[in-house]
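Reading the structure
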Amino acid sequence: MSLIRTEGLSVRIGRTQILSDVDFAIDRGEIVTIVGPNGSGKSTLLRALIGAVAPSAGKVERAQGLRIGYVPQKLHIDPTLPMTVGRFLNLPRRHEKAAVRMALEQAGLPDLAERQMGDLSGGQFQRVLLARALMEMPDLLLLDEATQGLDQPGSAAFYRRIEEVRRDLGCAVLMVSHELHVVMSASDRVICLNGHVCCEGKPEMVAQAEEYRALFGTGTRGALALYRHDHDHEHDHGCTHGDGHGHDHVHDHDHDHEHTHEAAR
């Protein structure tokens, strides 16, 4: 069973239809990225998944006992407020020191528990938010444009850490982002959203889909070159479009195993 699933999900806020007939599911261990233009309903979909927005039609099903960790776009903390990282991670309830230390290690900040929140760099701050999301050992980690404001190397480093978290915890990761150059490469599956699901599938297939290229332009296909996963086997990829048609493609690659993160260089 999927960790979380929607069927025919629609969300209307006032007189505005935000989402229409969205079918979505994510399984344990997957990294799924939602991309789309501003106003396409990406954040609304996340809010519907966690129960912060009620569907106007359709339904959301969650696995029993599902634990969700959430990393927001941004969180403002008064820089003059004296608060250490450790204290922040113990709000609103206190955790064992070992749990705090483990969460910081998983987020890549093993030695920052005593650092003042106001002294953190942008990348460090976002990793502290990640550590807080990891405190409850989530089955599903949600990130809503969590690298907004970071430079390109900082974003690439953050998403590499997310891949490591997925590997170590076995959790699913659902990301919303506009940073196509990074998230398209870090994902197992990409969903292109514009009020409805335009297309979805493996990153290289979505990048070739007409619906995706109509929204983002043909030049975005080159974004996938930033991260190569080359190997010697055949791919059987599907890109499912919003009209219900499926397109299967087979590519035969003859390359060595190589992961290249040019964005982080």
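Thresholds applied
Residues numbered from 1 in each chain as written. Predicted model: local features only at pLDDT ≥ 70, side-chain atom pairs only at ≥ 80, totals over all residues. Heavy atoms only, no water. Pairing = 2+ DSSP bridges. Helix = DSSP H or I, 4+ residues; strand = E, 2+ residues; numbered from the N terminus. Axes fitted to C-alpha atoms, helices over the stretch in contact; angles between N-to-C directions. Contact = heavy atoms within 4.5 Å. Phe/Tyr/Trp six-rings, centres within 6.5 Å; stacked < 30°, edge-to-face > 60°. Buried < 20%, exposed > 50% of the residue type's maximum accessible area, 1.4 Å probe, protein only. Lys NZ or Arg CZ within 6 Å of the ring centre and 35° of its normal. Core = buried A, V, L, I, M, F, W, Y, C linked by side-chain atoms within 4.5 Å. Salt bridge = Lys/Arg side-chain N within 4 Å of Asp/Glu carboxyl O. Disulfide = S-S within 2.5 Å. Parallel < 35°, antiparallel > 145°, perpendicular 65-115°, else oblique. Left-handed = near helix turned anticlockwise from the far one by under 90°. Right-handed = clockwise from strand over helix to strand, strands pointing away. Polar contact = N/O pair within 3.5 Å; in protein donor to acceptor, adjacent residues only side chain to side chain.

This next bit is on the sheet that holds strand S4 (residues 57-62). Read across the open sheet, the 3 strands follow the order S2-S1-S4; overall the sheet is antiparallel. Looking at the sheet topology across the chains shown, the edges are occupied by strand S2 (16-26) and S4. Taken pair by pair, the neighbouring strands of this sheet meet at an average axis angle of 25 degrees, ignoring direction. Pairing geometry for strand S1 (residues 4-13) and S2, over 7 bridges, is antiparallel. Note that in S2 the partner of isoleucine 13 across the bridge is threonine 16. Along the sheet face, helix H1 (residues 42-49) touches S1, S2 and S4 and points at about 120 degrees away from the line of S1.

With that settled, consider the packing of aromatic side chains. Tallying each qualifying case throughout the model produces 2 aromatic pairs. Relative to tyrosine 159, the ring of phenylalanine 158 lies with its centre 5.9 Å away and its plane at 85 degrees, an arrangement referred to as edge-to-face. Overall, tyrosine 159 belongs to the buried group, its relative accessible area being 3%. The interplanar angle of 45 degrees and the centroid separation of 4.9 Å between the aromatic rings of tyrosine 212 and phenylalanine 216 together place this pair among those described as tilted. Taken together, the positions of tyrosine 212 and phenylalanine 216, both in helix H8 (residues 210-216) and 4 residues apart, correspond to about one turn of that helix. A cation over an aromatic ring shows up here: arginine 132 above the ring of phenylalanine 88, its NZ or CZ 4.7 Å from the ring centre.

Moving on: the nonpolar core. The tendency in soluble globular proteins is for nonpolar side chains to be buried side by side. Core analysis: the biggest nonpolar cluster contains 33 residues, and Met117, Leu141, Leu143 and Ile162 have the highest contact counts within it. Looking at this core, the elements with two or more residues in it are helix H2 (85-89), helix H3 (97-106), helix H4 (122-134), strand S6 (140-144), helix H5 (152-169) and strand S7 (172-176). The element contributing the most residues to this core is H4, with 7 residues. Each residue touching leucine 143, except ones within four places of it in the same chain, is listed here: Leu46, Val71, Phe158, Ile162, Val173, Leu174, Met175 and Val176. Phe24, Leu45, Leu174 and Val176 belong to the second largest nonpolar core, which has 26 residues in total.

Along the chain, the position of serine 177 falls in the loop between S7 and helix H6 (180-186). Judged by its relative accessible area of 1%, serine 177 falls in the buried class. For the pair serine 177 and isoleucine 34, spaced 143 residues apart in the sequence, the C-alpha separation amounts to 6.7 Å.

Counting across every chain of the model gives 10 salt bridges. Ionic contacts of the salt-bridge type, sharing partners, join the residues Glu7, Lys59 and Glu61 into one network.

With that settled, the discussion passes to H1. Burial analysis of H1 places 6 of its 8 residues in the buried class, which makes it a mostly covered element. Along H1, the positions that sit buried rather than exposed are Lys42, Thr44, Leu45, Leu46, Ala48 and Leu49. Glycine 51, located one to two residues past H1, shows a positive phi value of around 90 degrees.

We now examine the state of the cysteines. Under the counting rule described, the total for this entry stands at 0 disulfides. With no disulfide of its own, cysteine 192 lies closest to cysteine 198 among cysteine sulfurs, the gap being 4.6 Å.

Turning to the packing of H4 against H5, a few remarks are in order. Between H4 and H5, the shortest axis-to-axis distance is 11 Å and the interhelical angle comes to 15 degrees. Considering their axes alone, H4 and H5 lie roughly parallel with respect to each other. For the element pair H4 and H5, the recorded crossing hand is right-handed. Along its contact with H4, which presents Gln126, Arg127, Leu130 and Leu134, the element H5 presents Ala157, Phe158, Arg161, Ile162, Val165 and Leu169.

This paragraph deals with the pairing of S6. Counting buried residues along S6, 5 of its 5 residues qualify, which places the element largely inside the surrounding structure. A two-sided burial pattern is seen for S6, the buried positions comprising Leu140, Leu142 and Asp144 on one face and Leu141 and Leu143 on the other. With 4 bridges connecting them, strand S5 (residues 68-71) and S6 associate as parallel partners. Bridged to tyrosine 70 within S6 is leucine 142. Of the pairings in the sheet, the one linking S6 to S7 comprises 5 bridges and is parallel in character. Along S7, the bridge assignment pairs leucine 141 with valine 173. Tracing the backbone out of S6, into H5 and back to the parallel element S7 gives a crossover that is right-handed.

Here we take up the environment of asparagine 90. Of note, asparagine 90 is situated in the loop between H2 and H3. Residue class for asparagine 90 comes out buried when judged on its relative accessible area of 14%. Beyond its immediate chain neighbours, meaning those up to four positions away, asparagine 90 contacts His95 and Val100. Reaching out from asparagine 90, the side chain makes a polar contact with the backbone oxygen of glycine 86 at a distance of 3.0 Å.

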